[in-house]
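Survey of secondary and tertiary structure
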Amino acid sequence: MLPTAYCNSGWLAGVLSADNLLAAWSVWWLGDAMGALVCGVPLLTASRQSLDVFGNQRRRELLLVLSLLVTAGALIFNGPVSQSALYHPILYLPFFLLSWLAVRGSIALASGAALLLAIEAVWATSQGTGPFQSNEVHFSLAMLWGYMATATIIPVLITVLMDELRQSQHRLALATLGAELGMWEWNLETDAITHADESCLPLSLAQTHDGNTLRSVIHPDDVEVLDVALLQHLSGGADMLELECRFYSGPGRWCWMLMRGRAVESDSRGTPLKMAGTLVDIDARKQAEAELQTSRIKLQQSEERYRQLLNNSPVGIINYDRNLVVSYVNERFADIMKVPVDYMLGLDCTGLKDQRVVPALEQALEGKNALYEGEYCTSYGQEKIWISMRCAPVRGECGEVLGGVALLEDITARKDAEQNLRKFKFFSDNAADMLMLTDETTRICYANRATCEALGYRQDELLNMKVPDIDPRNSEKEVRAIIDQCKEQWTPPFETVHRRRDGTEFSVEITARAMPFNGEWLCFTSARDITDRKLLDDRERRHREGLKALNEVAAQSHLPLKQQMGKALQIGARYYDLDCAIISAVSGSDYRVHVFSAPPGTLEEDQHFALGETYCDLTLTSRDVVAISHMEVSPYSGHPCYRKFQLESYLGAPVWVDNSLYGTVNFSSAKPYPRAFDAGDREFIRLLARWIGSVMTLDKSRAAVVASEAYLKAIIETEPECVKVMSQDGQVTQMNRAGLEMLEVESVEEINQKGVLNFVDKPYRQAFETLHQQAFSGQHGSLEFTITGKHGHMRWLDTHAAPLKNEEGRVTSVLSVTRDISLLKQQQLELKDMAHFDALTRLPNRTLLSERMSRAVVLARRHQTEFAVCYLDLDGFKPINDELGHDAGDQVLIEIGNRLTGALREVDTVSRLGGDEFVLLMSDLSHHEDWQSALSRVLMEVTRPLPVKGQERSVSASIGVAFYPQDGEDPETLLRHADHAMYAAKRAGKNRYNLFSTEDGCVTRAQKVH
């Protein structure tokens, strides 16, 4: 504007006089300034948002004021020319209207209105009208420019002041809101306390309604402070109640608050009636004050701590500039890179031999975060490692990138762990047991292949399930309790059940271990299917129960015959858990119920049926035990008895009395039996039928004794069980033929010469004497013991002793009924043998092998020796089994078992696990030649030709070997490692053995045997 004023005034230099030239220059400069001001403000403030004021409820108001402004300007500036009009109040009425527009509208609207007013003033003045018209041109223009400037500046100043006022009000509201936590009012007459906004207060404080509740939430140490301050204020000693105290804010937590207040209402005597005040949360301030005391010390230590943090960080750290030159490196980075720290400082990263990390460093210089994870070859030592390097830019105060920082981690161990995890997954997927990993919430995190196959689920399905989904016996709470127990101590194996996808359940033995992993607890579980073992245990249990029941039956001999048989049926029904039990008498086609045990209203004594309508015709036809657990699916579903009575389960045996077929003893139920009847069930009813026949025979014999003593003696002599009578001096006064045969003597005299106690084996003599003393005291008793006959034969006997009393009731002798239970004992031994030896080869099975391996571990640990576990699988066995049949395969397995046994020492164990898999346990190895020569003999023996069904066949063996303790310290690990080595032998060409190695896998140590 100044140059313009100079140019224009210079142009007028020849027109105006020198006196008016300065005034012209000033007026011209003011005109340029007023033009920039009046036109510039509307142009700078005009926008689309400035027009929004016409869209609200003030539109009519603003348009009316704007119309009044234009009208007032037209009237003022088009009036008569008069200098006195400059001092008339109406001339300044537009300023009031402009202020109104600035306050109620916007700066753009007010400055635009000022521009319209200026245009009216300039136009009127140029036409020679208005208050600014004067003979003095400079004066007229100066007044006009001043009026225009005032009209423009007033809206600007008002708008600026309004904005400042609004900001001050906003800041005041924020300060008030931030400073006050709550306001309170205390009526001292009623002791009632109210709060203005309870939502802003702690829960305990919001619940206070009087002085007592207020004191109850204040810290006990601060209650007295409150009472003193309150008394001092109310007595006039303090102008205001002000104290800092702690309020209860939760279990074990107290919140510091500043309580201010004063009496706001008093009575005529000046006694305060009501108080009001505020509560301010100063807990943060109190904490800040406490922290301030230690801040200086921490500040002094922070630099050293930061330096120590960097130097001792588990992560390597470097700083580098924009030229990729290292400016800082900590010791961990140098340690990872296998270089000295001095070597790294000033290192130009563009010259690294391994350039794979450079792109990540450069991306940080571009302002990006970058990651490199992979192999790296160190420049200093040429060592290959796995690293994870994260790069980030380092920025200045203005955001410019000054360089970069790189965080380095050595992940070689993690990569090795991932490799080991893959190995674990391979071993796990090939394990025979079900292996699972679960977290603390019982969610299944991992399940091996055996688990998926056993349960019938895919692995992804199992990973969305929890343990209770497959274990119906334990709830989620119970499973969590087991996991918590595993965290604290070793948990012994326990049994439970698992449920398959199809709903069937099977028994398992669980071994569980828990350990922390990456901040969470994981529980490793191994589940082994023990269905077969449970069946064997159940069979052995039922066998024991059967013997107990038979002994209980035999103990009923003192009762009358029908009571004996009734008790026997009850015992048998309880043993089998069947509803109905009958001893029948059969004559021709007539079936008569002789003795029964059944639900009330189902049978009657001496009730008759047609034999063909009972299952007993099946028993009598077979002359042996008939056992049907589910009649509907049996070949006898069309039997008339089934159609008429719907009996689903039946077990019956013929009863022979005096070598004649008397009838049957049978048990039945309308429900299917939960399992198939086995040999133990058949043997029990067979013995029960024999007992029934014997007692019925004995009863007939006793009836005959009444008529003839000789006839009684004959019956006793024909009794298959030993019957003897002993006096109080231990002499045998009577014994039947069965008893003499058991003792292998010819007469009672021969027994008394030696003494009956001397036939009893020594371990049972004391119990035998106690039994007879008990009988002489009037009690019944029984005993199982062994005897050795005159000719050296040992027998197991079961005897029942009962007192014989005279007419006066005094015990004069003891009657003993003894039966030979050697067969039952033999069956018990056979059951035990079945549990520990393979039924085909008679070699130790997996159970016995596990016991011997556990014993071998204990002995080897005690004597610091070694032993070997060899897992052997036959090569070429399947073609023999498929082509020549299973009997030929069984013959081969038996022969191979014999050869393996002959090739090893007597102290070694040969076990068959199943199929064509064997395990050799070689104990007490002191030299490598011991196992090497033994395995060579084994390979040679196996490859010898085998005569099978007139043909000459041959097989070979692949053997995996694991040693204790270097390959494992427990039987399961050794067996698993030997199995792994065996598969390596098969892959290497078969007919050889491999040793397990924990470092290099399985390495072949023997060539193929030709």
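Residues numbered from 1 in each chain as written. Predicted model: local features only at pLDDT ≥ 70, side-chain atom pairs only at ≥ 80, totals over all residues. Heavy atoms only, no water.

1. Points about empty space enclosed by the protein
Enumeration over the complete set of coordinates arrives at 6 cavities of 30 Å³ or more. Taken as a whole, the largest cavity spans an internal volume of roughly 220 Å³. As for the largest cavity, its lining consists of 18 residues, of which A554, S557, W691, E721 and V817 are closest to the centre. Breaking the lining of the largest cavity down by element, the ones donating at least two residues are helix 19 (531–554), helix 23 (679–707), strand 25 (794–805) and strand 26 (811–820). The element that contributes the greatest number of residues to the lining of the largest cavity is helix 23, accounting for 4 residues. Class assignment of the residues belonging to the lining of the largest cavity gives a composition of 7 nonpolar, 7 polar and 4 charged. (1 Å grid on protein atoms, 1.4 Å probe; cavity = no way out; pocket = protein on both sides within 12 Å on 5 of 7 lines; lining within 4 Å. Points joined across faces, edges and corners; volume = space filled by probe spheres on them. Helix = DSSP H or I, 4+ residues; strand = E, 2+ residues; numbered from the N terminus. Nonpolar A, V, L, I, M, F, W, Y, C, P; charged D, E, K, R; others polar.)

2. A few points about the side chain of H639
Along the polypeptide, H639 turns up in the loop between strand 19 (626–628) and helix 22 (640–645). Accessibility expressed as a relative area gives 9% for H639, which makes it buried. In this structure the side chain of H639 is engaged in a polar contact, spanning 3.0 Å, whose partner is the side chain of D617. Those residues in contact with H639 that lie beyond four places of it in its chain are G612, E613, T614, Y615, D617 and L618. (Buried < 20%, exposed > 50% of the residue type's maximum accessible area, 1.4 Å probe, protein only. Polar contact = N/O pair within 3.5 Å; in protein donor to acceptor, adjacent residues only side chain to side chain. Contact = heavy atoms within 4.5 Å.)

3. Here's the deal with the sheet that holds strand 16 (residues 580–587)
Spatially, 18-17-16-21-20-19 is the arrangement adopted by the 6 strands of the open sheet, whose pairing is antiparallel. Each end of this open sheet is capped by a strand with a single partner; those strands are strand 18 (608–610) and strand 19. Taken pair by pair, the neighbouring strands of this sheet meet at an average axis angle of 25°, ignoring direction. Looking at chain direction, strand 20 (residues 649–657) and strand 21 (residues 660–669) are connected through 9 bridges and run antiparallel. Paired with A653 across the bridge in strand 21 is V665. With respect to the sheet, helix 20 (residues 561–576) is in contact with strand 16, strand 17 (590–597), strand 20 and strand 21, its orientation differing from that of strand 17 by roughly 80°. (Pairing = 2+ DSSP bridges. Axes fitted to C-alpha atoms, helices over the stretch in contact; angles between N-to-C directions.)

4. Digging into a nonpolar patch on the surface
On the surface, V70, L116 and I119 cluster together into a nonpolar patch covering about 240 Å² of accessible area. With respect to the secondary-structure elements, V70 resides in helix 3 (residues 59–77). (Patch = residues over 30% accessible without salt bridge, like charges linked within 9 Å, V, L, I, M, F, W, Y side chains within 5 Å. Areas by Shrake-Rupley, 256 points an atom, 1.4 Å probe, with all protein chains shown as cover. Salt bridge = Lys/Arg side-chain N within 4 Å of Asp/Glu carboxyl O.)

5. A few points about the side chain of T438
Of note, T438 is situated in strand 11 (residues 434–439). What makes T438 buried here is its relative accessible area of 3%. Residue contacts for T438: discarding those within four places in its chain leaves R443, I444, C445, V467, I483, W521, L522 and C523.

6. Describing unusual backbone geometry
The omega angle of the peptide bond from Y964 to P965 is 10°, so this bond is cis rather than trans. Following the sequence through the fold, P965 ends up in the loop between strand 32 (956–964) and helix 34 (971–987). The phi torsion at D658 lies on the positive side, around 55°, for a residue other than glycine. Residue position: D658 is located in the loop between strand 20 and strand 21.

7. Structural notes on the packing of helix 3 against helix 4 (residues 93–104)
Taken N-terminus to C-terminus, the directions of helix 3 and helix 4 make an angle of 160°; their axes are 9 Å apart at the nearest point. Our classification of the angle between helix 3 and helix 4 gives roughly antiparallel. Like other packed secondary-structure pairs, helix 3 and helix 4 cross with a definite hand, here left-handed. In this structure, helix 3 contributes E61, L62, V65, L66, L68, L69, A72 and I76 to the contact, and helix 4 contributes L93, P94, L97, L98, W100, L101 and R104. (Parallel < 35°, antiparallel > 145°, perpendicular 65-115°, else oblique. Left-handed = near helix turned anticlockwise from the far one by under 90°.)

8. Details of the nonpolar core
Y576, V665, F667, L688 and I692 are the most contacted members of the largest nonpolar core, which totals 37 residues. Within the residue set of this core, elements represented by two or more residues are helix 19, helix 20, strand 16, strand 20, strand 21 and helix 23. Here this core gets 9 residues from one element, more than from any other, and that element is helix 23. Residues L843, I959, V961 and L995 belong to the second largest nonpolar core, which totals 35 residues. (Core = buried A, V, L, I, M, F, W, Y, C linked by side-chain atoms within 4.5 Å.)

9. Side note on the sheet that holds strand 12 (residues 444–447)
Taken in spatial order, the 5 strands line up as 12-11-15-14-13 in an open sheet, and their pairing is antiparallel. Each having just a single partner strand, strand 12 and strand 13 (494–499) make up the two edges of the open sheet. Going from strand to strand, the sheet's axes swing by 35° on average, the running direction of each strand aside. Of the pairings in the sheet, the one linking strand 14 (residues 505–517) to strand 15 (residues 520–529) comprises 10 bridges and is antiparallel in character. When the bridges of strand 15 are listed, T511 appears paired with S526. Relative to strand 14, helix 19 is tilted by about 125°, and along the sheet it contacts strand 13, strand 14 and strand 15.

10. Examining the environment of V586
For V586, the position within the fold is in strand 16. By relative accessible area, V586 is classed as buried at 19%. With 75 residues separating them in the primary sequence, V586 and L661 have C-alpha atoms 8.2 Å apart. Non-local contacts of V586, meaning those with residues more than four positions away in its chain, are made with Y591, L611, L620, Y662 and G663.

11. So, the packing of aromatic side chains
Counted by the stated rule, this structure contains 14 aromatic pairs. Ring centres 4.3 Å apart and planes at 25° place the aromatic pair Y575 and F684 in the stacked group. Note that Y575 is positioned in helix 20 and F684 in helix 23, a separation of 109 residues in sequence. When its relative accessible area of 3% is taken as the criterion, F684 is described as buried. Through a chain of ring-to-ring contacts, three or more aromatic side chains come together here, namely Y575, Y576, F667 and F684. Between K286 and the ring centre of W256, over which it is positioned, the NZ or CZ distance is 4.5 Å. When the ring centre of F759 is taken as origin, the NZ or CZ atom of K754, which lies over that ring, is 4.4 Å away. (Phe/Tyr/Trp six-rings, centres within 6.5 Å; stacked < 30°, edge-to-face > 60°. Lys NZ or Arg CZ within 6 Å of the ring centre and 35° of its normal.)

12. Observations regarding the pairing of strand 12
As judged from the 3 bridges shared by strand 11 and strand 12, these two strands associate in the antiparallel manner. Across the sheet, the residue bridging to L437 is Y446, located in strand 12. If you look at the hairpin formed by strand 11 and strand 12, you'll find 4 residues sitting between the two strands, and T442 has a positive phi there, around 70°.

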